[in-house]
Each structure stands twice: as structure tokens, then as C-alpha cells.
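Spelled out, the chains give:
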Amino acid sequence: MTMRESIEPDMTPLGPLGSEGPEGPEREFTIKARTQGQMVRRRFIRHRGAAIGFTALVIVIILAYTSIGFWKIPGWWYLGYTKTNPIVNGGAPTLDVLPAFIDGDGFMIGPHPFGQDQIGRDYFALTMRGTQISLMVAFVIGILSTFIGAVAGAISGYYGGQADNVIMRFTDLLLTIPILTIAAVVGNATGNLGPFFLAVVLSLLIWTSLARLVRGEFLSLREKEYVEAARAMGASSPRIIFRHMLPNAIGTIIVSATLTIAVAILLEAALSFLGFGIRSPDTSLGLLISTYQTAFSTRPWLFWWPGLFIVIIALSVNFIGDGLRDAFDPKQNRVRA
Amino acid sequence: MSEEILSVNDLSVVFPTEDGMVEAVRGVSYSLSERDVLAIVGESGSGKSVAAMALMGLLPKYAQITGDVRYRGEDVLAMSPKRSRALRGQNIAMIFQDPMTAMNPVYTVGDQLAEAYRSHHRVERKVALARAVEMLDRVGIPQAKDRARSYPHEFSGGMRQRAMIAMAIINSPDIIIADEPTTALDVTVQAQILETLIEVKDSVNAAVILITHDLGVVAGMAHRVLVMYAGRGVERADVEDIYRRPRMPYTAGLLGSIPALDSAGGKLHPITGAPPSLINLPPGCPFSTRCPLVTDRCLTEEPELAATDLPHHQVACHNWEKVAETPDPTLLFRTKAVDA
Amino acid sequence: MGSYILRRILASLLILLAASFLMFALVTLSGDPLAEFTGSNAPDKARLIQERIETLNLDRPFLVQYFLWLGGAIGCLIPGMSCDLGVNLSNQPVTSLIVDAFPTTLQLVLAATILAIVLGISIGIISAIRQYTAFDYSITFLAFLFYSLPIFWVAVLLKEFGAIRINDWLAEPAVTLPTAIVIAGFSALFFSAVVGGSRKQRLLVGLGAAVGAVLIFVGLVASGWFSNPGMGPGVVTIGAAAAAVGATLLFTNLENRRVLFIALGTAAAGVITAYAALPLLEDPSWLTLFGLGALVTAIGVGLGWIFGDIDRPAAIRAAVLTSFGVGLLVFMDRTVSSFAAYSAEVNGRPVATIGSKTPNFNGTFWEVTLDTATHLVLPTLAIMLISFAGYSRYSRASMLEVLNADYVRTARAKGLTERTVVLRHAFRNAMIPLATLAAIDFGAVISGAIITETVFGWKGMGVLFTSAVQRDDAYQIMGVFMVTAIAVLLFNLIADISYAILDPRIRLS
């Protein structure tokens with residue numbers, strides 16, 4: 001990471017003791033100077049929720065993309081998600097995670113671990129396909145909306161004046177409209193253009209809160225001595241923005257991007273559930289739940305699996321975001337108690 | 001000699017942190033008599049504020065406090081929470097460094113003063129408010145009656161610190177702990193605030209523990225001085241002795257680093273280096289890394305606070321005799337400053 | 001203050017205008033209101049198309065369409081003018097559709113918001129005070145979980161487990177092993193988390209709570225309580241006394257006998273009033289209830305005034321809170337008592353899964369209340385869970401920050417009790433940033449309501465909206481959209497004003 005020189009030394013060896021609140025004194029005691037990157041990594045790994053969340057997310061991603069394959073690359077799972085198969089075991093899941101000493105037959109994956117739907121499609125393959133699409137949509141939204149939000153916020157906060165006014169009034173406007181309503185209208189009109197297009201459209205709607213955060217950071221960074229110094233030495237505006245200011249807002253941006261991914265997973269699911277998101281023949285976790293919600297009393301697994309995957313993904317991402325927030329926050333309480 | 005009201009013996013405070021145990025205060029001892037003014041001097045991180053907060057019971061629960069602190073013979077550290085609460089504010093009051101943040105922004109100044117009074121006296125709000133106005137008047141706030149209805153943000157920094165002093169004396173305490181009371185203020189206001197503090201302390205017959213890093217502040221006010229370094233008391237003496245006959249190189253260095261008016265345009269003479277980390281302190285004298293008189297013994301054996309050639313004067317230094325022999329110990333650091 | 005509010009309202013109106021234009025453009029340009037005719041082979045197809053083009057002004061330029069719509073819509077905001085939001089594709093006036101749907105959604109949204117705010121903030125604050133305890137960790141985990149739950153998934157689950165299975169069970173209450181385990185587990189976790197303390201202490205409390213809960217549960221089932229539940233004077237009296245003690249604790253401490261006795265006196269007055277007025281409570285109106293409540297509150301205030309002495313303000317506050325608590329208890333007691341009658345009326349399926357009320361239901365005041373409550377409970381819970389997570393996390397963070405503030409240290413140094421420090425100094429300041437959260441959260445609640453209404457079949461704004469989007473019904477979408485936008489802006493305004501009231505540093509001018 002090259003951010004080292006532009007990061008303000010917030011970890012002076014010994015700060016003013018006792019000028020902090022009762023919780024304060026110990027946070028000033030830091031011994032070795034570490035780079036921001038090292039510190040962030042260290043704190044992130046120590047955050048138990050984030051570490052577990054990160055592991056879970058990686059497993060889900062690997063499982064979803066390797067099992068049934070994607071694009072033209074084949075996966076290791078023997079069934080596709082469109083093919084209908086003869087119904088085994090009444091369509092119920094054949095997965096058995098209970099060891100032999102509890103129910104006597106031991107661990108087993110079976111031909112259809114997540115069961116089958118009414119027409120015999122393998123529900124594991126379907127769920128994996130839904131996970132792929134949902135993940136793709138969420139990550140595209142996370143990355144794209146973060147990019148838009150960061151650039152808009154940076155311009156707004158750095159230049160101020162007219163540009164700031166226009167961008168902020170526009171965010172006011174978008175914040176007035178409950179996101180689901182506008183997303184439903186747009187999704188309904190563009191849903192047939194495919195998941196990627198939907199993701200791009202949704203990104204255009206949800207960048208506003210990050211733009212405001214970045215703008216706030218930039219407004220305060222603009223007054224910092226080292227930015228003034230850079231300006232006095234004749235650095236160009238883009239250089240100041242990208243080299244001196246953006247690295248200092250990177251914590252805010254990364255945390256927000258993570259949380260946006262969690263929001264996006266749920267937004268896509270909600271839209272697809274209402275019928276304004278992903279359309280058949282494509283599928284997503286939200287669409288699967290929507291399709292099978294009435295099957296709850298007869299084939300409950302059709303309802304459980306996609307929901308479970310949404311919750312695992314959203315929960316993991318939220319925990320990762322929390323861990324990152326703690327890791328980037330130099331003020332965080334570092335007491336072991 | 002007047003009666004001793006507070007004695008602190010071997011007070012230590014340890015904070016457990018992720019990086020290890022922080023020994024913020026390591027065996028500090030002092031005593032305070034009625035109407036006495038004790039200055040505790042040290043740079044940031046020397047443990048002077050933590051020591052004061054420990055005896056006020058204001059440190060977080062995870063702080064490990066040991067030692068023997070007695071207020072009029074009563075064991076302060078072993079008190080029930082209820083007794084400890086009664087002690088705070090009523091017997092020992094505290095003034096904090098930053099008057100900008102020390103007052104609650106959402107209540108009026110008068111309310112906050114009255115609250116301090118009512119928490120120790122069962123009186124009606126009206127009575128407490130009248131008392132608050134009286135105190136504001138006593139610390140020199142003009143139109144105290146109207147100003148009591150103002151919010152803290154409507155006060156200037158100096159006024160707020162006056163209000164904090166008024167809050168401290170509202171219950172006529174025995175001891176006022178003033179934690180860097182002037183550090184956050186404009187230089188022009190500092191002297192006025194100190195003057196007010198001395199006046200009101202006399203009017204309620206309180207003793208004062210003045211915590212500061214500014215030896216200039218100490219000279220005009222204190223009777224006794226305790227110099228702290230890296231969580232320890234390193235020199236304890238009457239105020240005259242500290243200025244004229246320091247026995248600890250660190251104290252001498254502090255005196256030498258005060259810019260003198262007559263040497264305008266001259267160099268500043270700081271003590272080079274920084275205090276050590278309080279986690280996993282190395283053996284030996286904590287000041288050894290910055291001391292011009294360092295010897296081999298300093299690196300292995302930490303000196304205890306012990307008597308010197310002068311009465312009521314203790315110092316924690318193996319080489320205090322060398323300091324005593326130096327005609328002007330404040331010059332000790334000058335040579336060192338050159339090679340740094 | 002007045003001019004500030006006026007300026008804010010003006011600014012809001014401008015935003016509303018811009019938003020309406022943006023949305024109108026989006027809605028009219030993205031959907032084709034004639035699409036449903038393309039596959040149609042109705043004989044009068046041409047005439048139908050022509051009619052629709054005329055009613056919706058489809059032959060006019062886009063801007064003209066917008067201003068025609070705006071002309072009618074502006075009337076809705078000006079008293080005395082007629083309100084015309086156009087007609088939907090079925091030729092129904094949008095205004096009347098909204099007038100019908102709005103109260104339903106408002107009920108749902110308000111209930112969920114208020115519950116989420118009250119529960120979320122109190123739990124967040126307890127969590128902050130007990131930072132790094134088992135309680136704190138559990139709440140943190142739950143908040144993250146709720147954040148990550150798709151609301152429609154929760155809604156379907158609630159429908160299955162909170163309604164269908166509960167109704168099945170209520171039809172034949174029996175103690176089964178799974179129910180006993182669930183009840184024991186929940187009460188063990190709950191009480192051990194609330195009590196806190198050392199590991200051993202928590203274990204003992206948890207064990208005691210589990211055994212106690214199962215015993216009570218078995219007793220209730222055996223006595224047939226679930227088919228004819230009630231609280232009875234005993235429970236009401238004990239609850240009233242507990243409310244008095246709680247109110248005293250909140251405003252002073254239990255050693256302040258004066259305040260305690262005044263609160264207990266108020267509680268007694270409340271219980272006596274309730275049972276003396278029992279005939280009045282057979283089938284009361286809201287007016288009767290408020291009258292009785294006001295009477296008890298007045299008695300409490302009187303007691304506080306006369307006997308309060310120097311603690312008069314605290315005594316009056318405790319008395320008012322106590323009378324409120326007693327009122328709530330009596331209300332619950334009366335409502336629960338009519339459960340058997342209500343259950344019989346709805347064929348023994350008391351927890352509803354569809355709609356906001358049983359159609360054509362007539363009964364006493366209590367039965368109607370119960371009917372509303374049983375319809376409201378599950379959708380409210382679904383929406384509340386997600387908002388709750390936000391409020392509890394945010395108030396925890398805000399409280400932690402405030403607890404570290406210098407002025408809280410000053411408050412401690414003054415010798416105030418921990419209760420005063422937390423409630424008077426920390427809590428009051430922690431509330432300030434929460435005003436902003438309430439404004440942001442409101443939009444999310446509306447989105448939640450749209451989804452929840454579809455799952456629970458409420459005929460509210462949400463269903464109006466989704467059905468309109470499905471049909472590309474521009475004017476109906478615009479109608480719903482305008483109402484939600486106004487609601488969001490109004491909520492923002494309220495948040496800003498409360499911000500200024502909470503923080504004297506902010507001057508509204």
C-alpha cells in the first residue's frame with residue numbers, strides 16, 4: 001500500500017494522558033508504529049465475526065461458482081439446473097449431516113442433497129445458480145455504486161460551489177424516494193434486459209449515501225495542513241484528490257462498499273420476490289423464494305435453501321463490514337475486557 | 001502544621017490492553033494537608049491525571065488500582081460505591097482540562113451547578129439554583145443570575161472554566177483537584193483563572209491538587225511539588241527547592257526548557273527524546289534514555305524515591321549528588337541538545 | 001423557529017416537485033399503458049384503445065401530460081381545492097383508492113416504527129452500558145441477523161410459525177417436548193442475559209428461569225388457560241405495584257420513600273378505579289378509556305403535588321408514568337379476557353394471516369381491538385425486526401460515544417448517581433443523532449411495508465403500488481409515490497425540528 005506517507009500520524013508514541021475520558025487513557029498507548037495497512041489487517045483478523053463471515057462468504061462463492069460452473073466453464077456437480085430428473089425420495093433433500101450414532105445412517109450427500117422441485121429439477125443446482133446471479137448482482141452494485149458515489153462525493157467535497165450544489169440536491173431527491181419504489185418501476189421496465197443490466201440500473205440509484213459520506217470526509221480533509229501544503233507546492237487537483245485525500249477516505253469507502261453489497265443482496269431479492277427483478281428463465285435467490293413460497297406446507301425445503309443462502313451471504317458481508325469499520329477506526333476502543 | 005487530610009501511598013494503576021499491561025501509575029505517594037497546594041508536574045503520559053482520577057473513582061472498571069489512599073483516615077479505594085459517590089463532589093471536587101467539553105451541552109450552566117449541589121443536599125431546586133448563582137458570582141461571572149440561564153456554548157472558554165470552578169466549590173469541598181485547568185485557555189485568560197482558583201480555594205478553605213505540565217503555573221501557586229515521570233514520582237520537594245535546587249536531572253531539564261524572556265532570539269532547549277512506552281518497561285531508570293548523567297547503574301536498577309541533602313526533599317535518582325554539585329543544573333541539557 | 005419551518009417546508013415542496021417530475025418521466029416513459037391490448041382480440045379493441053388514449057392524454061406531448069397531472073395534484077396540497085390524481089387503467093379515481101388504502105398502511109407503519117424505536121433504543125442503551133457482556137454480544141449478533149434477513153422470507157416464516165402453527169396449537173393446547181424445550185431455552189437465555197453477572201450466576205439464573213417457565217407453562221396448559229386466558233385482579237395488582245416501583249427507580253431511587261409511596265398510591269388508585277368502573281369497561285369507547293386514564297393520572301399528579309415536598313417534580317413524573325403503566329395493564333387485562341369470545345367468532349383461528357381486519361366483524365370494543373391486534377401483530381413484527389436492528393446498533397454506538405464524553409466524567413465527578421449520569425446526562429445527548437436515523441429509517445419502513453403487505457394480503461398502499469407497477473399504471477404509481485414522498489419529507493422535517501429541540505446549540509432561524 002502506498003498510503004503510508006499521506007496518512008496522518010494518528011498513533012503518536014504517547015499522547016496526552018488523562019486528557020481523554022475515563023475510557024480514554026489506554027488508547028493512547030501504542031508502541032510500535034505500524035503502517036495503516038498492517039494495522040487494519042491485524043485488527044480485521046482479530047475481529048472474530050469478520051473472520052468467520054469472511055470464511056463463510058469465500059466458501060459460498062467457491063461453492064456457487066465451481067459446483068455448476070459458470071459461463072462456459074463446467075463445474076463438478078453432475079446435474080444442471082435446467083434439466084428435469086426422475087423424482088427421488090419424494091423430492092425431499094437427500095443431504096444427511098447427522099452422524100451415524102444419532103440417526104444410524106451417517107453422513108450422506110445423496111443424488112439430490114437439497115431435494116427437487118415439483119418437475120424434478122435438482123434443487124442444489126438451482127440454488128447454486130440463484131446464488132451465482134444474486135452474488136453477481138450484489139457485487140456489481142457494490143462496486144459500481146461505490147465508484148459513482150466516491151467520485152461524486154469527492155468532486156462535491158473538493159470543489160464545492162456549483163458542482164457541490166447540483167450533486168447534493170440530486171442526492172436529496174433520490175433520498176426522498178424510498179429506494180424500493182423507484183427500483184420496482186425501473187426493474188419492471190428493464191428486467192427483461194438481464195441481471196447485469198438490472199445491477200447497473202440499481203447502482204445508479206443507490207450511490208447517494210456514500211456520496212454524502214465521502215463529501216463529508218473531503219470537506220474536513222480539505223482543511224488539513226498536508227492538503228494545504230500539497231496545494232501550496234502546486235500539486236494539481238486530481239493529484240491532490242487521488243494521492244492525498246482519497247487514501248484517507250478509503251476506510252469509509254471500503255466499509256460502505258461492503259455494507260452496500262449486503263443491502264444489494266436484499267434489494268435484489270426483494271425486487272425479484274415482487275416480480276420486478278430477475279426474470280425466468282434466469283433465476284436468483286429472491287425469485288426462488290417467490291416461486292416456491294406457496295409450497296411451504298408441501299415442500300418446505302424449496303423455501304428454506306434459498307433463504308438460508310441469502311441470510312448467510314448478507315450476514316457474512318455485514319460482519320465483514322463491521323470488522324472493516326473497526327479495523328479502519330483508529331479511535332476504536334482497544335481494551336481487552 | 002495543619003492536619004493531614006489526604007495520604008496516598010504506593011498508588012499503582014494498570015490498564016490491560018491488547019498490546020499488554022499498561023502501567024500508567026507505578027507506586028506514587030504523597031500527602032496533602034488542609035489548605036495546602038500540591039502541584040503534580042509531568043509531561044503528557046506521565047500518569048499524573050490517571051493518579052488523580054484513581055482517587056476520584058473515575059477510572060473505568062477494568063483499571064486495576066492498588067495502593068493505600070486515605071481521606072481523613074478513611075480507605076478511599078475500599079469504599080462502598082455509595083460512600084465513594086458521596087465523597088466525590090462533596091469532599092473532593094475536580095476541575096478538568098477542557099472547559100469546552102466538560103459541561104453538558106444540553107443543560108443550562110445554572111442547572112448543572114444546581115444539580116451538583118442537590119446531589120449532596122436535600123433542598124429544593126430553587127434553593128440550589130440560588131446557590132449556583134451565588135457561586136457564579138463568586139468566581140467573577142458578571143450578571144450571574146442571567147448567565148445561569150445560559151447554555152455552556154454561550155460562554156467563552158474562560159467563563160466556562162470559571163463556571164467549572166464554581167461547580168467545584170458549590171459543596172465547599174476539602175480538596176479541589178484541578179487537572180490542567182488552564183492548558184486549554186488563551187494565555188491572557190490563564191492568569192485570571194489561576195487567580196480565581198486561589199481566591200475561591202481560600203474562601204472555602206480547600207486544599208488544591210494542581211496537575212500541570214507547566215512549571216510556570218506551579219511557581220505562583222503551589223507549596224509543594226511532585227514531579228512525575230513514566231508513572232512514577234521522581235522528585236518531591238517544596239516549591240522553592242524545585243526551582244532553586246532541583247536534584248533530579250529531569251526536573252532540571254524541565255526548568256531549562258522554559259524559554260527565558262531575557263534571551264530573546266535565543267535557542268529553545270528541549271529535553272530530547274520521548275518518554276518510554278509504559279508497556280513492558282525496560283529495567284533501570286525510565287529516564288536513562290534521555291539523561292545526560294546516565295551511568296551503568298541507571299540501566300539496570302530503577303532508583304527509589306529517597307531522601308537528599310535537603311529537608312522535605314526526595315528524589316528518585318542514583319546521581320542526584322552530581323546534580324547537586326552542578327552550579328546551574330538547568331544547563332545540563334544544553335550540550336546534549338547540540339549533538340541531537 | 002417559525003420562519004425556519006416555513007423555509008424547510010418550501011424547500012421540501014421544491015424537492016417534491018422535482019421528484020414528481022423525475023418519477024413521472026420514469027413511469028410514463030418506461031411503461032406502455034396500451035400493452036395489454038396487443039394480444040387482445042376483443043371486438044371493440046379499437047374503441048377501448050381510443051378511450052384510454054383520451055382519458056390518459058396519451059396523444060399529448062409528455063410535458064403537457066405532466067402539467068395536466070400536476071395541476072390536479074397541486075389541488076391535494078391546498079385546502080379547499082379539489083384533489084385530482086387522475087384515474088388508473090380501470091378508470092377508478094386514484095385519489096379515492098389512496099384514501100381507502102392509506103389508513104391501513106399508516107396503521108402498520110406507525111405501529112412498527114414506534115415499537116422499533118422504543119425497543120431498539122432501550123435495548124441498544126442497555127447493550128452499551130453492559131458493553132462486552134453476554135447480553136451485549138447476543139444483542140449485537142441478533143441485530144446483525146435481523147439486518148441480514150430478507151423481510152419477505154421472515155414474513156412467510158412468521159405466517160407459517162407465528163400464525164398457522166400457533167393456531168393449530170391453540171386449538172388443542174398440549175405440552176410436547178419441543179414446545180417445552182423452546183420455552184425453557186428462551187427463558188433461560190433471556191433471563192440469564194438480562195441479569196448478567198458472573199458465568200456461574202448466569203447459569204443458575206438461566207436454569208431457574210427454564211424450570212420456572214416450564215412449570216408455569218405446564219400449569220397454564222393443565223388449567224385450560226390458553227382456551228380462556230385472562231390476567232385477573234391479582235396479576236393486575238402485582239403488575240401495577242411493579243410499575244410503581246419501576247417508575248420510582250427511573251426517576252429517583254427506592255430509598256426515596258416519599259416518591260415510592262406516591263407512585264404506589266397512584267397504582268392503587270388506578271386498580272381501584274378500574275375495578276370500580278368495571279361495568280363501564282364492558283364495551284367502552286375510546287373516550288371512556290381516556291377519561292378514566294385522565295382521572296387516574298390526575299389523582300397521581302395531585303398526590304405528587306400535595307405530598308411531593310422537595311421531590312415534587314420527580315414524584316409527579318413517577319405518578320404519571322405509573323398511571324400510564326396501570327392503564328396499559330388494565331387495557332391488556334380486558335383485551336385478553338375477551339379472547340375466548342373472539343376466538344370462537346373467528347372459528348378458533350385467532351392469529352390472522354390475511355388482511356388488516358376480519359371482514360364484516362362485529363363485536364365489543366375489546367373484540368374489535370383484539371381483531372386489529374391479531375391482524376397487526378405479524379406484519380408489524382416483520383417490519384419491526386429490520387428497523388429494530390438499526391435503532392439498537394445506532395443507539396448503542398451513540399451511547400458508547402457519549403459515555404466517553406468529558407461531560408459524563410464531569411457528571412460522575414460531581415457525585416451524581418449512576419442512574420442520573422446515564423439517564424439525565426448520557427441518554428439525553430445520545431438521543432440527538434438518533435433523530436436523523438429516524439428520518440432515514442422511515443423510507444426503509446415504507447419499503448418494508450410494501451413487501452409485507454403483499455405477503456399478508458393487506459389492501460394498503462403497498463399492494464396498490466405493486467399492482468400498479470405490474471400493469472404499468474402510471475397515475476396509480478404516481479399517487480402512491482406522492483403520498484410516500486410527502487410522508488418521508490414530513491418525517492425528515494419532524495426529525496430536524498426534534499434535533500433542534502434536543503440540542504440547544506442548534507438555532508433555528
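### Focus on the overall build of chain B
What chain B contains, in helices and strands, is 13 helices and 12 strands. Relative to the globule expectation of 20 Å for 340 residues, the C-alpha radius of gyration of chain B, 21 Å, shows essentially globular dimensions. Reported as C-alpha extents along the three principal axes, the dimensions of chain B are approximately 65 × 50 × 45 Å. Expressed as a percentage of its 340 residues, the buried residues of chain B come to 58%. In the structure as shown, chain B presents an accessible area of about 13900 Å², 51% of it carried by carbon and sulfur atoms. Distance between charge centroids for chain B: 6 Å, based on 34 positive and 42 negative side chains.

### Some details on the packing of aromatic side chains
All names here are of chain B. Enumeration according to the criterion identifies 42 aromatic pairs over all chains in this entry. Between phenylalanine 15 and tyrosine 62, the ring centres sit 6.5 Å apart and the planes meet at 65°, which makes this aromatic pair edge-to-face. With phenylalanine 15 in strand 1 (residues 4-17) and tyrosine 62 in the loop between helix 1 (48-56) and strand 4 (64-71), this pair connects stretches of sequence that are 47 residues apart. Residues phenylalanine 15 and tyrosine 62 agree in their burial class; the two are buried.

### Digging into the interface of chain A and chain C
Where interface size is quoted, it is often the accessible area lost as the parts come together. On the side of chain C, 45 residues touch chain A, which itself brings 43 residues to the contact. Of the roughly 3900 Å² buried where chain A meets chain C, counting both sides, 78% is carbon and sulfur surface. Summed over the three residues of chain A that lose the most area to chain C, namely Leu173, Thr176 and Val185 of chain A, the buried surface amounts to 14% of that side. Here chain A and chain C share one salt bridge between them. The residue arginine 393 of chain C makes a salt bridge to aspartate 322 of chain A at a minimum N-O spacing of 3.8 Å. Elements represented by at least two residues in the side of chain A that touches chain C include exactly helix 5 (161-176), helix 6 (179-190), helix 10 (237-274), helix 11 (285-292) and helix 12 (301-328) of chain A.

### Focus on the state of the cysteines
In this structure the tally under the stated criterion is one disulfide over all chains. Shown here is the disulfide that connects cysteine 76 of chain C with cysteine 83 of chain C, its sulfur atoms set 1.9 Å apart. Since a negative S-S torsion denotes a left-handed disulfide, the cysteine 76 of chain C-cysteine 83 of chain C link at about 80° is right-handed. In this structure cysteine 76 of chain C comes out as partly exposed when scored by relative accessible area, which is 30%. Among the cysteines around cysteine 285 of chain B, which has no disulfide bond, cysteine 298 of chain B carries the closest sulfur, lying 5.8 Å off. Looking at cysteine 291 of chain B, it has no disulfide partner, and the nearest cysteine sulfur is the one in cysteine 317 of chain B, 6.0 Å off.

### Details of the pattern of salt bridges
Under the defined criterion, the tally for this structure stands at 38 salt bridges over all chains. One salt bridge in this structure joins aspartate 168 of chain C and arginine 349 of chain C, with 2.8 Å as the shortest N-O distance. One end of the pair, aspartate 168 of chain C, is in helix 7 (residues 151-171); the other, arginine 349 of chain C, is in the loop between helix 14 (339-345) and helix 15 (365-403), with 181 residues separating them in the sequence. Residue aspartate 168 of chain C is classed as partly exposed on the basis of its relative accessible area of 42%. A single salt-bridge network, built from bridges that share partners, covers Glu3, Glu34, Arg72 and Asp174 of chain B.

### Section: the confidence of the model for chain B
A residue-level look at chain B finds 95% of positions with pLDDT of 70 or above and a mean pLDDT of 87. This stretch, residues 336-340 of chain B, has a pLDDT under 50; its non-local contacts, to residues over four places away or in other chains, come to three contacts.

### So, a nonpolar patch on the surface
All names here are of chain C. Where nonpolar side chains cluster on the molecular surface, the patch consists of Ile9, Leu10, Leu13, Ile74, Leu77, Ile78, Met81 and Ile486 and spans about 670 Å² of accessible area. Looking at the nonpolar patch, the elements that each hand over two or more residues are helix 1 (2-30) and helix 4 (62-77). Ranked by residue count, the leading element in the nonpolar patch is helix 1, at three residues. In this fold, isoleucine 78 is placed in the loop between helix 4 and helix 5 (94-129). Judged by relative accessible area, which is 39%, isoleucine 78 ranks as partly exposed.

### As for the sheet that holds strand 10 (residues 232-238) of chain B
Residues and elements named next belong to chain B. One open sheet accounts for eight strands, arranged 6-7-8-3-9-10-12-11; its pairing is mixed. Pairing within the sheet leaves two strands with one partner each, and these edge strands are strand 6 (92-95) and strand 11 (306-307). In this sheet, strand 9 (residues 224-229) lies alongside strand 3 (residues 37-41) in parallel orientation, the contact comprising four bridges. Bridge pairing in strand 9 places valine 41 opposite valine 227. Strands in contact with helix 6 (residues 157-169) are strand 6 and strand 7 (175-179); relative to strand 6, the strand with the most contacts, it is inclined by about 175°. The sheet strands contacting helix 10 (residues 249-256) are strand 3, strand 9 and strand 10, and the helix crosses strand 9 at an angle near 100°.

### Regarding the nonpolar core
Ranked by internal contacts, the top residues of the largest apolar core, which has 140 residues, are Trp69 and Phe152 of chain C. In terms of residue count, helix 12 of chain A provides more of this core than any other element does, 14 residues in total. Counting residues domain by domain, this core receives three or more from each of domain 1 (2-32 + 34-88 + 475-489) and domain 2 (101-173 + 224-442) of chain C. With residues near it in sequence (within four places) discarded, phenylalanine 152 of chain C still touches Ala269, Ala270, Phe273, Gly286 and Ile289 of chain A together with Ile451 and Val455 of chain C.

### Looking at unusual backbone geometry
Note on backbone geometry: most residues besides glycine have negative phi, and most peptide bonds are trans. Serine 280 of chain A connects to proline 281 of chain A through a cis peptide bond whose omega is 10°. By the element assignment, proline 281 of chain A lies in the loop between helix 10 and helix 11. Here the phi dihedral of aspartate 10 of chain B falls at roughly 55°; this positive angle occurs in a residue that is not glycine. Examined against the element boundaries, aspartate 10 of chain B turns out to sit in strand 1. Look at aspartate 10 of chain B and you get partly exposed, because its relative accessible area is 49%. Positioned with a positive phi, arginine 35 of chain B is a non-glycine residue whose angle comes to about 60°. The topology assignment puts arginine 35 of chain B in the loop between strand 2 (20-33) and strand 3.

### Some words on the packing of helix 5 of chain C against helix 6 (residues 134-147) of chain C
Residue and element names in this part refer to chain C. Put simply, helix 5 and helix 6 touch, their axes get as near as 8 Å, and they point 135° apart. For the element pair helix 5 / helix 6, the angle class is oblique. Relative to helix 6, helix 5 is oriented so that their crossing is left-handed. Residues Ile123, Ile126 and Ser127 of helix 5 form the contact with helix 6, whose own contacting residues are Phe135, Asp136 and Ile139. In the contact of helix 5 with helix 6, the residues fall into four nonpolar, one polar and one charged.

### Looking at the pairing of strand 8 (residues 207-212) of chain B
Regular strands place their side chains on alternate faces of the sheet. Residue and element names in this part refer to chain B. The buried count for strand 8 comes to six of six residues, which makes it a mostly enclosed element. Note: strand 3 against strand 8, five bridges, orientation parallel. Paired with isoleucine 40 across the two strands is isoleucine 211, which belongs to strand 8. Two strands pair when backbone bridges link them, and strand 7 and strand 8 are joined in this way by five bridges, in the parallel orientation.

### Description of the sheet that holds strand 1 of chain B
Residue and element names in this part refer to chain B. The strand order across the open sheet built from four strands is 2-1-4-5, with neighbouring strands paired in antiparallel fashion. Single-partner strands in this sheet number two, and they are strand 2 and strand 5 (74-75). Alignment of strand 1 against strand 2, held across 11 bridges, turns out to be antiparallel. In the sheet register, proline 16 faces strand 2, and the bridge partner there is methionine 21. Where helix 1 meets the sheet, it contacts strand 1, strand 2 and strand 4, and its direction lies at approximately 110° from that of strand 1.

### A look at the environment of alanine 52 of chain B
Residue and element names in this part refer to chain B. Here alanine 52 is to be found in helix 1. Separated by 157 residues in the primary sequence, alanine 52 and isoleucine 209 have C-alpha atoms spaced 8.6 Å apart. Those residues in contact with alanine 52 that sit more than four places away from it in its chain are Met94, Ile177 and Ile211.

### Some remarks on the packing of helix 1 of chain C against helix 4 of chain C
Residue and element names in this part refer to chain C. Look at helix 1 against helix 4: their axes get within 11 Å of each other, and the N-to-C directions meet at 135°. It follows from the interaxial angle that helix 1 and helix 4 lie oblique. Note that helix 1 runs across helix 4; the crossing there is right-handed. In this structure, helix 1 contributes Leu13, Leu16, Leu17, Ser20, Phe21, Phe24, Ala25 and Thr28 to the contact, and helix 4 contributes Phe62, Leu63, Gln65, Tyr66, Trp69, Leu70 and Leu77.

Analysis parameters
- Residues numbered from 1 in each chain as written.
- Chains lettered and ligands numbered in written order.
- Predicted model: local features only at pLDDT ≥ 70, side-chain atom pairs only at ≥ 80, totals over all residues.
- Heavy atoms only, no water.
- Helix = DSSP H or I, 4+ residues; strand = E, 2+ residues; numbered from the N terminus.
- Rg over C-alpha atoms; globule rule 2.2 N^0.38 Å.
- Buried < 20%, exposed > 50% of the residue type's maximum accessible area, 1.4 Å probe, protein only.
- Areas by Shrake-Rupley, 256 points an atom, 1.4 Å probe, with all protein chains shown as cover.
- Lys, Arg positive; Asp, Glu negative; His and termini not counted.
- Charge placed at Lys NZ, Arg CZ, Asp CG, Glu CD.
- Phe/Tyr/Trp six-rings, centres within 6.5 Å; stacked < 30°, edge-to-face > 60°.
- Contact = heavy atoms within 4.5 Å.
- Buried area = accessible area lost by both parts, 1.4 Å probe.
- Salt bridge = Lys/Arg side-chain N within 4 Å of Asp/Glu carboxyl O.
- Disulfide = S-S within 2.5 Å.
- pLDDT = per-residue confidence, 0-100.
- Patch = residues over 30% accessible without salt bridge, like charges linked within 9 Å, V, L, I, M, F, W, Y side chains within 5 Å.
- Pairing = 2+ DSSP bridges.
- Axes fitted to C-alpha atoms, helices over the stretch in contact; angles between N-to-C directions.
- Core = buried A, V, L, I, M, F, W, Y, C linked by side-chain atoms within 4.5 Å.
- Domains from an automatic or database assignment.
- Parallel < 35°, antiparallel > 145°, perpendicular 65-115°, else oblique.
- Left-handed = near helix turned anticlockwise from the far one by under 90°.
- Nonpolar A, V, L, I, M, F, W, Y, C, P; charged D, E, K, R; others polar.

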